[in-house]
Amino acid sequence: MRVKTLLSICVAGAVLRSGLGTLRAQPSQPSTETTPPKTTEQVYKNIQVLKGFPSDQLVPAMQFVAASLGVQCDFCHLENAFEKDDKETKRTARKMMRMMFAINQDNFDGQQKVTCYACHRGSHKPLITPIITEEEGKFGAEGKMPHDEPNAASLPSADQIIGKYLQAVGGVDAATGISTRIQKGTLTVGSENFPVEVVAKAPDKRVTTVRFPGGDSVTGTNGEEGWLSTPGHAVHDMSPTEVDAARMDAELFFPASLKGLFKELHVEPQEQISGREAYVLAGTRDNLPPVQLYFDQQSGLLVRVLRFVETPLGRNPTVVDYGDYRDQDGVKTPIRWTIARPDGRFTVEIEHMQQNVPIKDDRFARPTVPASSNEPGD
C-alpha cells in the first residue's frame, strides 16, 4: 500500500490528506454573526448542484459519494483538475444528485430519507435483482441509530452506566487527576506500520504525529480550531465538523469530561460488541447528529463510539473501537484503538505512556505556514 493512499485515512478525527483530501479549500473562517460561512460556490469552481451549502461540507459530501459507490475520486474527476467536466460519470453524478433531492422533496417533505447509498450499497452500478447470499444480512451504520425504545425496567440508567464506567477506569478523583498524556506507539494500516506520537492535554487539546517515510503528518486541535499538515502540502485548517470530531476524540481520552460532552444521554437497546454484551447510550448535542457510546456490561469500560458527520447527501459514519485497557497512575486507559470509516481503517497501539507531565499550551498552537487553495467542482 502506497503512503499516498495511507494519507487518505482518518487519524484523530481529521483526514490525512490525499485523494479526496486534495480538494483543499481556503482556510476555514470562524463563523460569527457578522461573517457568515462561505458557500461551496464561493470557494470552489464549477459548482452546479451543491450550491448554497457551507463550503466545509463539500469534501465530506464527496467522501459520502465515494463510499456509497465504492469508488475513488478519479471515477468522476480528473486529477489536479477537479473542476472540469470531461468525464461522463461526473455529469451522471450530478443528475443522480438532482434526482435524489427531488425524491426527498416530493415524497418526504425534504427530509433526507433517500441517499446515494440507499441504492448503490457500495457499487457504482445499483443491483436491480435481489441476490441470494450464503450469510445472514448485516446491519449497516444506519441500523445503529436509535429506533426502538428499550425496556427501561431491565436496563440501568444513563447515570448508572456512566458511574460504572468512571469506577471501572479508577474512580472520579483518579480520572480527574489526569491532566496531560504523552503516548508513543505504532499506527498500523493493512500490513504497514508507522511510528506515532499522541500528545494530549485536558480537556480537548491533542496533537497526533505520524512519521511516514516521506515526512511527518501532524493532526492537531486546541479545542477551538484544528489543522493538518502533511509532507509536500500547505497546512490545512479543519472545517467546523472536523474540529468537532477531533475535539470529541481528544475529550473521550479524559473520562471525567465524558458526561459534559452531551446535552442529554439516552439509554438504547443493548448490543453485542465482539461477542460481549454492551450497554448503549445515545448522546445528543444541539444541531449535531447523535453519538452512540457502547460500554461493556461486565467491565463497565467504553469499548466503542459511533459518530456521524452530516453532509448534503447523507451521513458519513466513523467507528472507534477501544481495547486493551491498562492501569497507569491509578487510571485505566486504552492502549489500542481502531478508527474505521467506509474508505478504510487503521489501528494505533501504544507502547510507552507518560501522564501529568508539564506540556505548554503553545505545543497545541496551529503552525503559521499559510494554507493554499484548490478549486474542484461538484
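The rules behind the values
- Residues numbered from 1 in each chain as written.
- Predicted model: local features only at pLDDT ≥ 70, side-chain atom pairs only at ≥ 80, totals over all residues.
- Heavy atoms only, no water.
- Helix = DSSP H or I, 4+ residues; strand = E, 2+ residues; numbered from the N terminus.
- Contact = heavy atoms within 4.5 Å.
- Areas by Shrake-Rupley, 256 points an atom, 1.4 Å probe, with all protein chains shown as cover.
- Salt bridge = Lys/Arg side-chain N within 4 Å of Asp/Glu carboxyl O.
- Buried < 20%, exposed > 50% of the residue type's maximum accessible area, 1.4 Å probe, protein only.
- Expected span 1.5 Å × (residues − 1).
- Arc of directions from axis to C-beta.
- Phe/Tyr/Trp six-rings, centres within 6.5 Å; stacked < 30°, edge-to-face > 60°.
- Lys NZ or Arg CZ within 6 Å of the ring centre and 35° of its normal.

Caption draft 1: View of the overall build of the chain. A tally of helices and strands in the chain yields eight helices and 15 strands. Long-range contacts, defined here as pairs at least 24 residues apart, represent 53% of the contacts in the chain between residues at least 6 apart. Total accessible area on the chain is roughly 19000 Å²; 50% of this is exposed by carbon and sulfur atoms.

Caption draft 2: Region of interest: the pattern of salt bridges. Within this structure, the stated rule accounts for 19 salt bridges. Here Arg211 ties to Asp216 by a salt bridge, and the two come within 2.5 Å at their closest N and O atoms. Given the relative accessible area of 36%, Arg211 is considered partly exposed. Exposure remark for Asp216: the relative accessible area of 35% places this residue in the partly exposed category. One salt bridge in this structure joins Arg285 and Asp244, with 2.7 Å as the shortest N-O distance. Linking Arg285 in strand E10 (residues 276–285) with Asp244 in helix H8 (residues 240–251), this pair joins segments that are 41 residues apart in sequence. Asp244 shares its class with Arg285; the two are buried. Salt bridges sharing partners connect three or more residues here, namely Asp85, Lys90 and Arg94.

Caption draft 3: Highlighting the environment of Gly344. Within the element layout of this structure, Gly344 appears in strand E15 (residues 344–355). Looking at Gly344, the relative accessible area reads 22%, which means it is partly exposed. Along the primary structure Gly344 and Ala67 are separated by 277 residues, whereas in three dimensions their C-alpha atoms are 9.7 Å apart.

Caption draft 4: Seen up close, H8. An ideal rise of 1.5 Å per residue puts 16 Å on 12 residues; H8 measures up with 16 Å between its terminal C-alpha atoms. Of all 12 residues that make up H8, nine are buried, and the element is covered over most of its length. Here H8 has its buried residues at Glu242, Val243, Asp244, Ala245, Ala246, Met248, Asp249, Ala250 and Glu251.

Caption draft 5: Structural view of helix H6 (residues 158–169). Taking 1.5 Å as the rise per residue, H6 with 12 residues should run 16 Å; its terminal C-alpha atoms sit 17 Å apart, in good agreement. All of the buried residues along H6 are Ala158, Ile161, Ile162, Tyr165, Leu166, Ala168 and Val169. On an axial view of H6, the arc spanned by its buried residues comes to 160°, and they lie on one face. Relative to its buried face, H6 has exposed residues pointing more than 90 degrees away, namely Asp159, Gln160 and Gln167. Packing partners of the buried residues in H6 comprise helix H7 (172–176), strand E9 (264–273), E10, strand E11 (288–296), strand E12 (302–310) and strand E14 (331–341). After H6 finishes, the residue Gly170 shows a positive phi value of roughly 135°.

Caption draft 6: Seen up close, the packing of aromatic side chains. One pass over the structure, following the stated rule, counts five aromatic pairs. Measuring from ring centre to ring centre gives 4.7 Å for Phe253 and Trp337, while their planes differ by 65°; the resulting arrangement is edge-to-face. Here Trp337 lies in strand E14 and Phe253 lies in the loop between H8 and E9, a separation of 84 residues in the sequence. For the pair shown, Phe253 and Trp337 are each scored as buried. Joined through ring pairs, the aromatic side chains of Phe253, Tyr322 and Trp337 make up one cluster. For Arg181, the ring lying beneath its charged end belongs to Phe254, and the centroid distance is 5.1 Å.

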